[in-house]
Amino acid sequence: MAFVIETYPFAEIETKWQKLWEKEKIFETIENPAKPKFYVLEMFPYPSGKLHMGHVRNYTIGDCLTRFLRMNGYNVLYPMGYDSLGLPAENAAIEKGVNPKDWTLARINEMREQQKRMGFSYDWEREIITCDPEYYRWNQWLFLKMFESGLAYKKEAPVNWCDSCGTVLANEQAEGGVCWRCNTIVKTKKLSQWFFKITHYVEELLSRLDELKGWPENVITMQRNWIGKSYGTEIEFQIIDDTRKIRVFTTRPDTVYGITYLVIAPEHPMALDLVKNAKYEEQVIDYIALTGRKTEQERSSTKEKSGVFTGRYFINQFTGDKCPIYVADYVLMGYGTGAVMAVPAHDQRDYEFAKEHQLPIKTVIVPWVGEPPDDRAYEEPGKMIESAQFTNMDSETAKNAITDYIENQKWGKRTVQYRLRDWLISRQRYWGTPIPVIYCDKCGIVPVKVEDLPVILPEGAKFTGKGNPLETVKEFIETECHKCGNKARRETDTMDTFVDSSWYFLRYISPDSKDKPFESRRVNYWMPVDQYIGGVEHAVLHLLYSRFFTYVLRDLGLINFSEPFTNLLTQGMVCMPTFYVPSLGYVLPEEVENNIHKPTGRPVEIGPSEKMSKSKKNTVDPGRIIEKYGADTSRLFILFASPPTKELEWSDQSVEGCFRFLNRVYRFVYKFKDKINAHERNLIPETLHARTINRKLHQTIKKVSLDIKGRFHFNTAIAAIMEFVNELYKWEITEKDFPFLKEVIEKLVLLLSPFAPHIAEELNLMIGGKSFVCLKEWPQYNTLIAKEETITIVIQINGKVRHKLEAPCDITENEAKDIVMQDEIVKTKIQGKEIRKIIYVPGKLVNIVLG
RNA sequence: GCCGGAGUGGCGGAACUGGGAGACGCAGUGGACUCAAAAUCCACCGGGGCCUCGGCUCUGUGCCGGUUCAAUUCCGGCCUCCGGCACCA
């Protein structure tokens, strides 16, 4: 055995097994009623370039779980696809003059290649690509279904508009109020847009959150906040010298006796009406125009509350007072009724506005003890004053009493408001699903006939960076109305890409389905998704839209369940640590390498970790890590460094440690492979030391199984395997041990295989294993073998650990107390002191409480 | 401002139900092997004090207090950091 292995030949091994897996098609899945089904879904990537560490982490978690479940007898559906419509491709077209389709397909190929290099066990036969017309035709099909049932509709709405690019932007493309491409400040512009009526399901979206026991609490909370249900009262106020009333929404009916004015939003339909041909008309028109030019950001960030008087008054029917009506942009048209009753004494915003415009402030609630503040609004509950028959009541009680009174007087009613708005799906962009409608002068909006789907994105659009490229394709726009035969114009808006991802998990199930988006029978077998894995950034958007789509599909009779994702795991981010170097400040690890402080051994202070992102140039390229250490090491590091839901801090040294571990395993098996092959397997350990190994083996199987199952603590599972390998190195192996060693190594390889599948296959082959490891059965543990022969009894005196004793594990309470009290060391420690009581925790400890 | 989550050695993290704080890995230290180095293998590794070198002892899980025989874990009050939402009436 002169031959010394430097490092194990991971590159060769990994390529070899990836090819074999693919050749044998072992990861292809079909419905199988004989096995329990399990659907593992990962948030499919947008193919903007190469895989980044976030992807790698997401898929490594999913693959490890999938492999574990397969070995445990589950029929696992584990698909992959590409969310490939969207802005980066169009941007590349504008910047590099390439065709978005070619660019996207090239990126997909790169990405798929890297995923295969990581050894992920997807059923590639089910791959879906959303920019394929055979995929997006079903977006259009679903749109038509929703249009038919009134769930898709068109209306005029304010949207983010960039002057320089001449186009509408999605909220996420107008971050910080500026256009992501040219940095122009975005404006709000009113345009006719397509919406999905998600608000139709608002109550169900909210109430079914309680069913989602397998979702993280924070995601549930975020969705609940986003939906924003609030209970309140609608009240109408009579406008003086007018037949009309103004309707407001409030959650504080207890403050109605403190109303001193009323505010309507600039977009409120009555705003202009109220001042028509009156003294204040010009002032109000100017103000509305000014607001229209403001960005959403400017409107909400300014401290001072702007607004103008309309010259009109209303009657506060509670007090009989005549109060002014204002227009101000701190009131939003999109929430409630677009008008508010202003109670400056008890609402901070109203307070600030009243101060600015010298409006009266009338206190109607005071604290039960102490004085109300005089420099701000008093928003807490308290004692009612100057509120007619409600005076002296507790304000919380008065809320109900006053609302009853309002309802009796027919001045208003109890009502519920939501923050959730309908989903704006129109995009003035090329690289998206064309919305399948045409506009006919005679017939109006005409949906495309189902048999004419898909409406295909035309080639030959001009990508100038200005406007919607679809507008430049005459042959696309010009069409004829299938109702009347006249010339008609095709819709050039495309759908938000979140439409694609709202049902992709159903398409995986029957990716070749020709006459329906999916086969209901098969969908009902696989769905719902048993484990969804992805980033928390989709907590609201994608996860809410998918829930909405599932309800829609259920109501269309296509599926028989309501919630798409039973369990959700939101993985933590991947971070790069920074180091503090006095001369440079906080820097990334590679810069420390080149710095004088490290060679001198002087410790560098660790700075705050930064999220990996391309813009900060602090990313670790997965490709480089795979090349240097292999896919197995990369997978092992990602799973070992921290539990999946926590942030993962990148560490090159820790990667090296994982690589060392795999080498340690490889060397051990390599050393004994000939002996193992020369012997038949024996499950029974023949030596004393081997029996200890057997116990440790069963303990390890138990720990690894339980850590993965339900808990997803891959890090501690790997730690247990490492501990076991450390034990193996301490084992003085004799000739008698080889048959049992064979059994030990077989089990070890099985335990390792979900984490490091390539090396596991290779080691299996090395010890004469026949079939693929990943198709074998997960090892079972025997509780009796795993059980320790003796237990350690911890002896505490007054709750502090003072001594330990070994005892047989079947020891009774009295026996345990006896041996503890007979122990010489214990005797000396408690000598001369009164024993108040002795606490016994079975199999664990004895606590002697002294007086 | 509101809603979540987290604070444990030099570092990443363990401790599952209130019962031994620091598993496993990294970094570090010492030893074996080597002409030497790397690699590998073995051992040590929170801090302070005592010491006959076997141990003994005090202290320690963001801070202050409480419950308990016993608290990283439960309760109350703070501090810091991270994430989400934010003129939502």
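How each quantity is defined
Along each chain, the written sequence defines residue order, and numbers are assigned to residues from 1. By the order in which they are written, chains take letters starting at A while ligands take numbers starting at 1. For this predicted model, a pLDDT threshold of at least 70 governs which residues receive local features, and a threshold of 80 or more governs which side-chain atom pairs are given and counted, while totals over whole chains, interfaces and linings are taken from all residues. The side-chain figures draw on all heavy atoms in the structure; neither hydrogens nor water molecules are used. By the criteria applied, helices consist of DSSP H or I runs no shorter than four residues and strands consist of E runs no shorter than two, each listed in order from the N terminus. Two strands pair under a simple rule: DSSP has to find at least two bridges between them. Every angle, taken between N-to-C directions, lies between 0 and 180 degrees, and every axis is a line fitted to C-alpha atoms, over only the stretch in contact when it is a helix. When checking whether two residues touch, look at their non-hydrogen atoms; a contact exists if any pair is within 4.5 Å. When describing relative orientation, an angle under 35 degrees is termed roughly parallel and one over 145 degrees roughly antiparallel, while 65 to 115 degrees is termed roughly perpendicular and anything else oblique. Gly is placed with the polar residues, together with every amino acid not listed as nonpolar (Ala, Val, Leu, Ile, Met, Phe, Trp, Tyr, Cys and Pro) or charged (Asp, Glu, Lys and Arg). Any residue with a heavy atom positioned within 4 Å of a molecule or strand is treated as near that molecule or strand. Identification of polar contacts relies on pairs of N or O atoms within 3.5 Å, with a donor-acceptor requirement for protein atoms, meaning one able to donate a hydrogen and the other able to accept it, and with residues adjacent in sequence counted only if both atoms are side-chain atoms.

Asks: I keep staring at unusual backbone geometry and nothing clicks. Help me out?
Replies: As a rule of thumb, non-glycine residues mostly have phi less than zero, and peptide bonds are mostly trans rather than cis. Looking along the chain, the bond that leaves L453 and enters P454 is cis, with omega of -5°. Within the element layout of this structure, P454 appears in the loop between β20 (444-447) and α13 (474-477). M527 connects to P528 through a cis peptide bond whose omega is -5°. Take P528: it is sitting in the loop between α16 (520-526) and β24 (531-535).

Asks: When you look at the sheet that holds strand β32 (residues 790-797) in this model, what are you seeing that I'm missing?
Replies: Read across the sheet, four strands follow the order β33-β32-β35-β34 without closing on themselves; strand pairing throughout is mixed. Unpaired on one side and paired on the other, β33 (800-808) and β34 (835-841) mark the two borders of the sheet. Looking at each pair of strands side by side, their axes are set apart by 20° on average, direction ignored. As defined by bridge partners, β32 adjoins strand β35 (residues 845-850) across four bridges and the pair is classed as parallel. Following the sheet pairing, I797 is matched in β35 by I848. In the packing of helix α27 (residues 813-822) onto the sheet, contacts are made with β32, β33, β34 and β35, and the angle to β34 comes to roughly 125°.

Asks: Honestly, the packing of helix α2 (residues 53-71) against helix α20 (residues 631-641) in this entry has me stumped. Any pointers?
Replies: Helix-helix packing is described using two parameters, namely the angle between the two axes and the distance between the axes. Look at α2 against α20: their axes get within 10 Å of each other, and the N-to-C directions meet at 90°. The pairing of α2 with α20 is recorded here as roughly perpendicular in orientation. Here α2 contributes M53, V56, R57, T60, I61, D63, C64 and R67 to the contact with α20, which in turn contributes R635, I638 and L639. Among the residues forming the contact of α2 with α20, the class breakdown is six nonpolar, one polar and four charged.

Asks: Honestly, the protein's contact with RNA strand B in this entry has me stumped. Any pointers?
Replies: Lining the immediate environment of RNA strand B, one finds 55 residues, of which T251, R299, R349, K804 and N847 sit closest. Each atom of RNA strand B within 4 Å of the protein belongs either to a base or to sugar and phosphate, the latter forming 65%. Within the backbone of Y330, an N or O atom sits 2.9 Å from a sugar or linking oxygen of RNA strand B. Between K800 and RNA strand B, the recorded distance is 3.1 Å, taken from a side-chain N or O atom to a phosphate oxygen. Here the surface near RNA strand B is built from residues that sort into 19 nonpolar, 17 polar and 19 charged.

Asks: What am I meant to see in the sheet that holds β20 here?
Replies: Strand pairing in a sheet relies on backbone hydrogen bonds, with the paired strands running either antiparallel or parallel. Strands sit in the order β20-β19-β22-β21 across an open sheet of four strands; the sheet is antiparallel. The open sheet is flanked by β20 and β21 (478-480), the only strands paired with a single partner. In this sheet, neighbouring strand axes are inclined to one another by 40° on average, regardless of whether the strands run parallel or antiparallel. Two elements, β21 and strand β22 (residues 487-490), share three bridges in a ladder whose sense is antiparallel. The partner of T479 across the bridge, within β22, is A488.

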